[in-house]
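# Residue-level structural notes
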Amino acid sequence: MDNSKSSEEGDGSEEGSSRDRGVLHQWRGYSCSTRPEKVLLSRPVLQAALGSCHGLLLTQGGFVYAFGELPWRPGAATCAEPVLEAGLSGRGVVTIAAGSFHCAAVTRDGTVLTWGDNTHGQCGVAGRSLVGSPTPITLLDAEEASPPRLVRASSVACGAQHTLALSASHEVWAWGSGAQLGLTVSPGNAPVCRPHKVEHLAGRYVVQVACGGFHSLALVRSLPSSSSSPSSSSSRALSLDKCGRCRQLLYSMEEKEDHVIISDDHYCPLGVELNETPKSHGGQAQRQRTSPPPPQQHRRGQGSAGERSNGLDDIGVTGGGLSPLDTMLSSASSAAEGSKGQTGCEEEITEETGSRSPVDAGGGAGGAAPLRPVRRSKSSQFPDEHDLKSDLKEYLRRLSSQDQDQDQDLLDPAHAGGHTSPVFSANGDTPPTPTPTTLAPAPVSHYGPRTPHPGVHTPLQRTCGHPHLSPALPLEEHLASSCDDCFDDSGVERGMEALELSGPREGAVRGLCEGERDPLTGLLLVRELSPGTKSCSMSDIHLEEVAGAGRRNSLPGLSCHGSPSPAGPKLGHRRIASAGGRKCPATVATEAEPLLPSLYTEVWSWGRGQEGQLGHGDRLPRLQPLCIKSLSKREVVKVEAGAHHSLALTAQCQVFSWGSNKAGQLGHLNSLSTAPQPVKMSEGIRVWDVGAGQTHTLFLADGDCLQPILYYSGEQVDSNGPTGTYTQTPVLLPFCMNMGFVSGVYAGGQLCQAVSDRNLMGFISSLHELCAAERKFYCRLSAIRSQVLRPLMARESVKAGLGQCFLLLQTLAGSFSRLCHLIGQHTVSLSRFLQGGRDVRGLVMLKQTGIFLDTYKEYSCSVGNFLVMGGFQCLLKPLQDCFGKKLDVLQQLSEPREKVPSPDSSPASGSGSGLLQSLLYLPVRHMHQYSRQLLKLATCYHVESEEYRVLDEGCSRFEATALVLLRQRKEAERTLQFWNSIPAKATDALRVAGRRLVCESDNKALTLQNAGRFTINRFILFNDALVHTQGNIPSKKFFSSYHIFPLATLWIEPVSEEEDGLFGLKFTTPEESFTALASSPAEKASWLRSINQAVERLLEAEMDAKVKVATSSPKVTGSSGGQRAEPRMSRTATHTFSRDGRYKDAAYEGRWLCGKPHGRGTMRWPDGAVYIGTFKQGQEDGFGDYVIPNKNSHKTDHYQGHCKDGKMHGFGTYWYASGEVYEGLFWENQRHGHGMLSSGKMTSSSSSVFIGQWVHDRKSGYGVFDDITRGEKYMGLWVDDQKQGHGVVVTQFGLYYEGHFSGNRMTGVGLLLSDDDTAFEGDFSDDWTLCGKGVLSLPNSDVMKGVFEGEWSAGLKIAGTYTKPIPDWPDRDKGHPRPYKLGAMAVRADEKWTAVFEECWRRLGCDTAGHGDTARAWENIAISLTHRDSPEHLTRSQHMTLERLEVIPQLNGPLTAESYDSIRRYLIKACDAPLHPLGWLLETLVTVYRMTYVGVGSHRRLLTHAVQEIQSFIRRIYHIVRFLFPSLPEDGTFVTESCPQETLSNSTDSGMHLEVPEQGFLVSCSSLLLPVLLPRLYPPLFTLYTLERERESELYWECVCRLNKQPDTALLAFLGVHQKFWPISVSDLGDTKEVLSSTKDACYATAVETLQQISTTFTPGDKLLVIRHTFEEMNQEAMALLDQDFKWSMDDLFPLFLYVVLRARIRNLGSEVSLVEDLMDPHLQHGEDGLMFTTLKACYIQIQREKTT
């Protein structure tokens, strides 16, 4: 192409930008004379794809250009210049791919379009050998969904004869022909024109696919290791001996004549747990179980030709006969036999991983014995004797160690819980790896800095318990070195994946801490997937479920394989290789792409393998995908496929290659590689992008300069074609420095292409500098991890030499591993960022700054703890044993400037421990690089732009954290020097890992006031405590005693110097106070400032640890400018009391104020007592929960309520261990006031309830005792827990007694009534025992007077006179007058429940009733409404009522109708709020009323008592209301007004009645309070009325039923209603009907319906209003009949009203009448309402006397 020409297409406005960004360079070969051509287009090039003789270019805006040989275009011309593919314009193309002779593209909506050669069906179009224009291809999932579901694609890759598409749900679809499809749907070589899903990869999370000429590659996120619960020993043993996925043995033994062959070559190709399957996945699981057996690793050096042909079953070929495709594979298998010797001699890099394949027990021809593979040496095809011996020892040791592990778990729960091994698997179990080769990563429960409690060693399972390592295996086994240098970050990956899957959100870290936790270890409980469920290849699925995020649609195995994903047009930045290195962006992202890519990946391959391009160690083809074992745990992040070779790029910038090396395209000297081999790059070259062509490979790498460099490996090509020469190893392309900053390379056919950018304003160079620095940093961290930490941790001498510090070393190693993994993910993310949109606001380090900062802080804390405890000094000898005396490894890894000790470092810095310390502090020093690089990027933007703001904010956060980390290191080094300067005995007493020195005093700087003359006092200030030491040898800094005062509970204040002229500081602690004297004012100020800053830092650190907000900026505590002048006086802290007193040995956690518990907190005593609630000035004060162990039983007492001065005081509930429950008032730990005590249960032998007044923990005053067991209820007075005074007793058998009680017995004069109206009034000596004079009245009015003796139910002895009434007594019908009167010997109503009303007055602030300040009462009401510390559950309406009660009625001046109405409305709202004193009063009165008159108390003799109690309630409540509203007059007062008020209501409940002659209204306590009180008391009260009127109600109802059988006219005639009031016609639903002789229930129907509403009302006023409305309805209907006004006479009104009452059929009319009569206002009796009520009452009496003929 002519590099001077550019495309004329496109918008001219973009022409300038296209020359700066996305510039495409093209060339061939690697000769020094080669000069790349610049392809100029009007738009920036985003992606290129190269085929054998053509190529595609994707530019900004979704335009696609093609060049080269394009036989499908009209004219079949060769286009030297890019031409626009018009068929794709406007389709929104986001990714492209080019095969050998066909093309493909994916649009924004997930549609795949193909065009070009279709000879083998690679375009997915049936019946056409050539597809001339882009044609949509439909991906239809018909197996997993019904109806079939349309699948959207995210990327595509093309080979020579096939095409692969990656769906949005990360599944692989294939079409075309050949074994490279991975399908079994088509026999032979028949083309597959319809896309099919690659079922063998279904359920896995496929990240990327690549197509070679005749093979395919897939990059898959690895599955988590599957094992069972750690608590099950048998399950743990299974995970050691069997594969966690296929459940096959990991080891195989074969007995020979004189030896045993043990093989551990098991490799599991499944990767999916084959357990039971839920119903929803049954079909898929069944298909998986019945699928062909998994591929088995080919055995070298064994098997005949027949066996090799039968070995086709091992690669997934089933069926009776061999198809043509089978024959081809068989010949390929035979051809591969000759290369076995060469393959066996190759340098293999396979590793022992946790993923092993099952041994096919059923393999072999003819059912012969299974062939067990054996391990071979690198130079021999026979087993190595040394290896077999070591394998045998290891296998037998493991079998014997399982029982030991089980016993250890039983004897030492800490061991089973993870104290020995801090690492766990993803589901908390043992990983299946029998020979672990990994360094223990630290926990990933959260990424925040760990702040263990000062002075306490945190258990390892809490500080470094990683969910990947097993608690059942010794740690050193997990850290054992292996032949490879890889590092297992699977556990770290599982922790980080929660961030990856969460998408761009700041709070992803917090989500890792959420979920159900183990109650002992505090670790997240991880649920296993349901049996048989297909899992994706991501290791974080379980964590995703625990975090509650649900199952993602992108994981097809979790819900259904065809579950749709939400659409999203995001363009991914990863690229997929095609045949000859064609690349395309990895995803069209229908879901949010993970911010951090996964490093825990696997590479799967399938297709032809004649050139070894599959990487399985042989040259056999594979019909179905098989995992390349040697690349597991290599952190592969990208795969590329050339025509006959394959490439894998790792996160550590290392490239592995395998396949054909005829032209040197593999980058190493081997002519053929059937297994991945590392490309031989120069030292210091870090590759971060690759491209694979037909016979060459292109590498994009970092070198010594800032600008990226290019390397070429393969055949030399000039303008005439291949020259026959090729490179031995990758060579540098010298012209790359003239291309600018290259961001991506592409290779295909014989071409090479690179996309570069110009360095405008330094932005591109700054961006490349950031990426290169991060890659270099990660490579160095990986080297430290693999070359230093892993060998060090694997040595037994390290554990023995460090002692307790070994736990800290484990924590340090875990933190380092987690940080290294995060940097690796960030490295890959930055590389992809360079190839994407480059919007700096999308940088992961800016969007997830909290992740980085927390991880760095955590690591800095762990390395500082190890330094402070002297760990580096103890490692000197183990380092020399491990790395030699010269420590060559450490010297090589250390940079020259790091080998020179810093002035602030310890003396051992130049030694081996100093070198290790310098290496491990490398990440801390690297933090400054972030802020510097972000600042350089920020200078490329305008200061007012959004990008500048984001970069500047990130720079500030990283710089602030860098300063914090630097300060932490200096503090750790200074603390280490301090510990080295004092005697070892003193060090052992005070040395704690997290403790840092702040300052110390000598004998003169700060000393204790009034100290002994010969005592040396020193104060040492640490970051968590102030230590006061005393000793006698100041020169040696030795002390004999010390006191530790935690800073969290230390308060300091300066002492005034005016009194005694001393420079004193007063220290306050929870249990003591003391004063220290400084030597000078400056020294005093210095100590005051240092202690205050240390306290504030500690409090802020604890607060940050508890409440971690990822979006908030980190608090910089390193400078005094950010500190408070004084620490907060009120704080949250924990303290254990040691001195004698109530709190001895008790632990308190909660709020403090000046050294005393104050606020919300928890106090725990050693005996098990716990108080959780409010404290005030060091004592329990306020609402709280108190659990007290009962010494006489194993149960506990529980109190919930209010306390004061450390004692129960106020309202509360006490649950006794005996089962009793008291709910009421307390006073100084005693039941005092009103309360209710429930004893036993309904089914127990002693069940009772008492509600009433208590005095000093005894029943005293009025109370109700319900003896549920005996069926008796006592209502009377009590003294000292005994019935004493007047009282009433009713029983379930109908007995009623009222009289005098003494000593819990009926003594003295009393009245006894039975259910049949037999009555006795006289003397009693005991319960129900008569003894003395009395009068016995019988139901028939007979009377016996005399002396009675005996028990009522057992028989009486009588000496007296029997009187029988005269039979012809003229007044016999009126009834004989009873000689008794109920209630005369009972407690008066006003004397009942006095404690309840006293408590209400007390809540209002009055000592006695009516004596107090009204203003203070309203203040107390406001406090009670706002102080909601008790857990009272309020309804929504009650919350709204509380809001309305905030407004107090303002009543100034005399009472008016308007103000009276406002009072009435306020009382309604107040009584509905339980927090209001009036609301509490009403609620309590309702409770006591129901307790009294429900159950046994529902006795007809108690009706009088019930009515009198309601009347008493109203009077006493009205007294309180008048106190709150002084303008209210006395009850019954008539208030006159000068003019009528519009606010007056006709309702009698309002107390305003229009019939009063004067203009005004009557104030009545009944009309004001009954509407509030009576509806709550109506059920028990009306039940009593019904029982009292039961006999006459039966008579009344019998008459009503009998009379209502007559028609309307007959009944009207019978009742004597004048005919002029007989309706002639009635209206029925709008129709007029004539009243016939048979018509029934039609006349006066409206009045009847109105009267029936009397049963739906509660108050007498409402019932009277119903009666009034009934008369009005009668009057209107009568006027309609007469057509004139008239006046009612009683002769006309009464019969008609009697008819209405009969037709109303009110069941309990007598009870309704009696209720109105008893509770009606007296002033209403003589008015119009009273007259109407009297008429209703007369009708009720008349009905009972009616006689029908």
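Calculation rules
- Residues numbered from 1 in each chain as written.
- Predicted model: local features only at pLDDT ≥ 70, side-chain atom pairs only at ≥ 80, totals over all residues.
- Heavy atoms only, no water.
- Axes fitted to C-alpha atoms, helices over the stretch in contact; angles between N-to-C directions.
- Helix = DSSP H or I, 4+ residues; strand = E, 2+ residues; numbered from the N terminus.
- Parallel < 35°, antiparallel > 145°, perpendicular 65-115°, else oblique.
- Contact = heavy atoms within 4.5 Å.
- Nonpolar A, V, L, I, M, F, W, Y, C, P; charged D, E, K, R; others polar.
- Pairing = 2+ DSSP bridges.
- Salt bridge = Lys/Arg side-chain N within 4 Å of Asp/Glu carboxyl O.
- Buried < 20%, exposed > 50% of the residue type's maximum accessible area, 1.4 Å probe, protein only.
- pLDDT = per-residue confidence, 0-100.
- Left-handed = near helix turned anticlockwise from the far one by under 90°.
- Expected span 1.5 Å × (residues − 1).

## Re the packing of helix α28 (residues 1394-1403) against helix α33 (residues 1503-1524)
Orientation of α28 relative to α33, taken along the N-to-C sense of each, is 10 degrees, at an axis distance of 12 Å. When the interaxial angle is binned, α28 and α33 end up roughly parallel. Here α28 contributes T1394, F1397, C1400 and W1401 to the contact with α33, which in turn contributes F1513, R1516, I1517, H1519, I1520 and F1523. Among the residues making up the contact of α28 with α33, the classes are represented as seven nonpolar, two polar and one charged.

## Observations regarding the sheet that holds strand β15 (residues 172-176)
With respect to topology, four strands assemble into an open sheet ordered β13-β14-β15-β16, the strand pairing being antiparallel. Lying at the two open borders of the sheet, with one neighbouring strand each, are β13 (153-158) and β16 (192-197). Neighbour-to-neighbour, the strand axes of the sheet open up by a mean angle of 20 degrees, direction not taken into account. Looking at chain direction, β15 and β16 are connected through three bridges and run antiparallel. Across the sheet, the residue bridging to A174 is H196, located in β16.

## A word on the pattern of salt bridges
Once their charged atoms are close, side chains differing in charge can pair, the charge on each being opposite to the other. Under the definition given, this model contains 55 salt bridges. Put simply, K936 and E769 hold a salt bridge, and the shortest N to O gap is 2.5 Å. Placement of the pair is K936 in helix α24 (residues 922-938) and E769 in helix α14 (residues 763-793), with a sequence separation of 167 residues. In this structure K936 comes out as partly exposed when scored by relative accessible area, which is 32%. Judged by its relative accessible area of 15%, E769 falls in the buried class. Put simply, D141, R149, E171 and K197 are held in one network by salt bridges that share partners.

## Side note on the confidence of the model for the chain
The predicted model of the chain averages 76 in pLDDT, with 70% of residues at 70 or higher. pLDDT under 50 marks residues 269-386. Its contacts with residues more than four places away, or in other chains, come to 210 contacts.

## Quick notes on unusual backbone geometry
Positive phi, normally seen in glycine, also occurs at D1257, with a value near 70 degrees. Note on D1257: relative accessible area 30%, which makes it partly exposed. The backbone phi angle of Y1644 is positive, close to 50 degrees, even though this residue is not glycine. Note that Y1644 resides in the loop between β64 (1631-1634) and α37 (1645-1652).

## So, the packing of helix α18 (residues 849-868) against α24
As a packed pair, α18 and α24 sit with axes 10 Å apart at the nearest point and diverge in direction by 150 degrees. It follows from the interaxial angle that α18 and α24 lie roughly antiparallel. The chirality of how α18 crosses α24 is left-handed. Between α18, through L853, Y856, Y859 and S860, and α24, the contact on the second element is made entirely by P923, V924, H926, M927 and Y930.

## Examining helix α31 (residues 1457-1470)
With 14 residues, α31 ought to run about 20 Å at 1.5 Å a step, and its terminal C-alpha atoms sit 20 Å apart, in line with that. Of all the residues in α31, the buried ones are A1457, S1459, Y1460, D1461, S1462, I1463, Y1466, L1467 and A1470. Buried residues belonging to α31 abut α29 (1414-1426), α32 (1477-1493), α33, β62 (1560-1563) and α34 (1565-1588).

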